[in-house]
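# Examining the three-dimensional arrangement
Chain by chain, the residues run as shown.
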Amino acid sequence: AACDLWSCGCMLFIMLCGHAPFQGNSDNETIKLARSAPVNFRPDFWSHISQEAVDLVRQLLQRDVKLRYTAAQALDHVWLHIKDKQHAGQDLDSSRLKQRLGAFC
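Since we're looking at a predicted model, the values are computed, not measured. Along each chain, the written sequence defines residue order, and numbers are assigned to residues from 1. Residue-level local features of this predicted model are given only where pLDDT is at least 70; pairs of side-chain atoms are given and counted only at 80 or more, and the full residue set underlies all totals for whole chains, interfaces and linings. Computation of side-chain values covers all heavy atoms of the structure but excludes hydrogens and water.

To continue, consider the packing of aromatic side chains. Each aromatic pair joins two rings of Phe, Tyr and Trp (for Trp, the six-membered one) with centres within 6.5 Å, and gets the label stacked for planes under 30 degrees apart, edge-to-face for over 60, and tilted for any other angle. Going through the model one piece at a time under the given rule, you end up with 4 aromatic pairs. Measuring from centroid to centroid gives 5.6 Å for phenylalanine 13 and phenylalanine 41, while their planes differ by 50°, and the two rings are tilted. With phenylalanine 13 in helix H1 (residues 2-17) and phenylalanine 41 in the loop between helix H2 (27-36) and helix H3 (43-46), this residue pair connects regions lying 28 residues apart in the sequence. The residues phenylalanine 13 and phenylalanine 41 share a single accessibility class, namely buried. Secondary structure counts use DSSP, requiring at least four H or I residues in a row for a helix and at least two E residues in a row for a strand, with both numbered from the N terminus. The cut-offs for exposure are 20% and 50% of the maximum accessible area for each residue type, with area from a 1.4 Å probe on protein chains only; residues under the lower value are buried, those over the upper are exposed, and the others partly exposed.

So, in structure tokens, the structure goes:
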């Protein structure tokens, strides 16, 4: 379902940069931000992430359900099929991933 792909986008955002795409001071504020605030790819968190990875996150966090990627589209995204493993690996470097997830939790 489209809401599941939104959730995948939120999880991928966290895995890649270490914080949630929407952070309010309360649950209600976070929900309000998720419904209306633009997704912010701050350079201090995203400059080392490939444009392909950023594009996939953008497609998954598309608010308009009709424009949001389906599971099939997400699985076919170029980022998941990058042949240059060094290029793809920089986005999900395991030590950085552990650090980001640890900081989030």
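Here the narrative resumes.
Position of histidine 77 relative to the elements: it lies in the loop between helix H5 (71-75) and helix H6 (85-89). Contacts described as polar in this section are N or O atom pairs within 3.5 Å, which, within protein, must combine one atom able to donate a hydrogen with one able to accept it, while residues neighboring in sequence count only if both atoms come from side chains. In this structure the side chain of histidine 77 is engaged in a polar contact, spanning 2.9 Å, whose partner is the backbone nitrogen of tryptophan 79. Contacts are assigned to residue pairs that have any heavy atoms within 4.5 Å of one another. Every residue in contact with histidine 77, bar those within four places of it in the chain, is listed here: Glu52, Asp55, Leu56 and Tyr69.

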